[in-house]
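If you want the building blocks of each chain, they are given just below.
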Amino acid sequence: AFIFSVTLLIIAILLSYKYESGDASNGNSLIYFQKMNYILRIVDNVYVDEPDLDKMMEGAIEGMLKKLDPHSSYIPADKQKEVEEDFEGEFGGIGVEFEIKDKYLTVISPIPDTPSERLGLMPGDKIIRIDGKTAYDITTEEVFKRLKGQIGSKVNITVARTGVDEPLEYEIIRAAIPIHSVVAKCLLDDKTTGYVSINRFASKTSQELEEALDYLEKNGMKRLILDLRGNPGGLMDQAVEV
């Protein structure tokens, strides 16, 4: 009953605050900041237990960025190193580009010449279990933690594939996954049309593209097809440079 009363109190205070402070829909960021600060003070003062304000703020930031688009996310400082590994050098993994789509870990594309491509994983595959444990409603952080590992180690995944009645089981040996974003460069049949495929925007994408263009121009390229199909995104500064 006490918790219910506190909930009603918070709702009443927030309604009162809304009418006193005015509607924040006019885009005034100060009003949004004041509202957030107000809610924090209410919870800190009247919540039945001692609130963990650090966790509350982390959750608020994560939730706010989720409302932008599927590619914007908040990276805490202690997780930055893990994220950087996915855009620089190499790491032990299975080799897939992925996104969390409708709470399912969904393959965007297997990375060429990696265990996932060799075993036949396909775009649209949903990885529903990792080592026997559900992957539904998994976070990006958990994906990295459960799929990455020591080179040569094993991971078992269960895949649901459109058009296939039963889930598919794969045992994958983790391998060194190089971070190359320009995965193909060539001249097409007329020898004057260049083709470059970029599968992600990593730390050296613009450099790799420049090297590819130099090579193609020296061999007669006059125009270019830039293939971004299946590219899930990555570092914004590299996308801008490209």
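Residues numbered from 1 in each chain as written. Predicted model: local features only at pLDDT ≥ 70, side-chain atom pairs only at ≥ 80, totals over all residues. Heavy atoms only, no water.

### Considering the overall build of the protein chain
Note the following rule: Numbered from the N terminus, helices here are DSSP runs of H or I no shorter than four residues, and strands are runs of E no shorter than two. Partly exposed describes any residue whose relative accessible area lies between the buried limit of under 20% and the exposed limit of over 50%, with all areas from a 1.4 Å probe on protein chains only and scaled to the type maximum. Here, residues are in contact when the closest pair of their heavy atoms is within 4.5 Å. Using a 1.4 Å probe, accessible areas were evaluated by the Shrake-Rupley method; residue-level cover was limited to the displayed protein chains.
In terms of regular secondary structure, the protein chain is built from eight helices and eleven strands. Here the protein chain holds 242 residues, and the buried ones make up 31% of them. Summarising the internal contacts of the protein chain: among those between residues at least 6 apart in sequence, 57% fall at separations of at least 24. Carbon together with sulfur atoms contributes 54% to the accessible area of the protein chain, which is approximately 15600 Å² in total.

### Here's the deal with the nonpolar core
Spelled out, the test is: Throughout, nonpolar core names a set of buried Ala, Val, Leu, Ile, Met, Phe, Trp, Tyr and Cys residues whose side chains join them through atoms within 4.5 Å.
Counting residues in each nonpolar core, the largest one holds 17 residues, and the members touching the most others are Leu105, Ile127, Ile130, Leu147, Val155 and Ile157. Listing elements by their share of this core, those giving two or more residues are β2 (96-101), β3 (104-110), β4 (126-130), α6 (140-147), β6 (154-160) and β7 (168-173). No other element matches β6, which puts three residues into this core. In this structure Ile130 touches Leu105, Ala135, Ile138, Arg146, Leu147, Val155, Asn156 and Ile157, once residues within four positions along its chain are discounted.

### As for the sheet that holds strand β11 (residues 223-227)
What counts is decided by this rule: Any two strands are treated as partners once DSSP identifies two or more bridges connecting them. Comment: axis = line fitted to C-alpha atoms, over the contacting stretch for helices; angle = value between 0 and 180 degrees taken between N-to-C directions.
The strand order β9-β10-β11 describes an open sheet built from three strands, whose pairing is mixed. Two strands lie at the open edges of the sheet, namely β9 (182-187) and β11, each paired on one side alone. Going from strand to strand, the sheet's axes swing by 15° on average, the running direction of each strand aside. The pairing of β9 with strand β10 (residues 193-198) spans five bridges and is classified as antiparallel. The residue of β10 that forms the bridge with Leu187 is Gly194. Across the sheet, helix α7 (residues 205-218) touches β9, β10 and β11, and the angle it forms with β9 is around 15°.

### Some points on the packing of aromatic side chains
Given two aromatic rings, one states the distance between the centres and the angle between the planes to describe the pair. What counts, and what does not: For this analysis, a ring pair means two rings from Phe, Tyr or Trp (six-membered ring only for Trp) whose centres lie within 6.5 Å, classed as stacked if their planes differ by under 30 degrees, edge-to-face if by over 60, and tilted for the remaining angles.
This model, assessed by the stated rule, comprises two aromatic pairs. Pairing Phe98 with Phe144 gives two aromatic rings, centres 5.7 Å apart and planes at 70°, and the pair type is edge-to-face. Highlighted residues: Phe98 in strand β2 and Phe144 in helix α6, separated in sequence by 46 residues. Since its relative accessible area comes to 18%, Phe98 is described here as buried. Seen in terms of ring centroids, Tyr104 and Tyr136 are 5.0 Å apart; in terms of plane orientation they differ by 65°. Their pairing is edge-to-face. On the criterion of sequence distance, the pair formed by Tyr104 in strand β3 and Tyr136 in the loop between β5 (133-134) and α6 is long-range, its members being 32 residues apart. Tyr104 gets classed as partly exposed once you look at its relative accessible area, which sits at 31%. For Tyr136, a relative accessible area of 43% puts it in the partly exposed group.

### Structural notes on helix α3 (residues 53-66)
This is how the line gets drawn: By definition here, a helix of n residues has an expected span of 1.5 Å times n minus one. Two N or O atoms count as a polar contact when they lie within 3.5 Å, although within protein this holds only if one can serve as hydrogen donor and the other as acceptor, and sequence-adjacent residues are included solely when both atoms are side-chain atoms.
End to end, α3 covers 20 Å across 14 residues, agreeing with the expected 20 Å (1.5 Å per residue, within 8%). The residue sitting at the N-terminus of α3 and contributing the capping side-chain oxygen is Asp52; that oxygen lies 3.2 Å from the backbone nitrogen of Asp54.

### Notes on the pattern of salt bridges
The line we're drawing: Here, a salt bridge means any side-chain nitrogen of Lys or Arg that lies within 4 Å of a carboxyl oxygen of Asp or Glu.
If you walk through the whole model with that rule in mind, you get eight salt bridges. For Arg200, the salt bridge is made with Glu97, and the minimal N-O distance between the two is 3.0 Å. Of this pair, Arg200 sits in the loop between β10 and α7 while Glu97 is found in strand β2, placing the two residues 103 residues apart along the sequence. Grouping residues by exposure puts Arg200 and Glu97 together as buried. Note that Arg223 and Asp190 form a salt bridge whose closest N and O atoms lie 3.2 Å from each other. Linking Arg223 in strand β11 with Asp190 in the loop between β9 and β10, this pair joins segments that are 33 residues apart in sequence.

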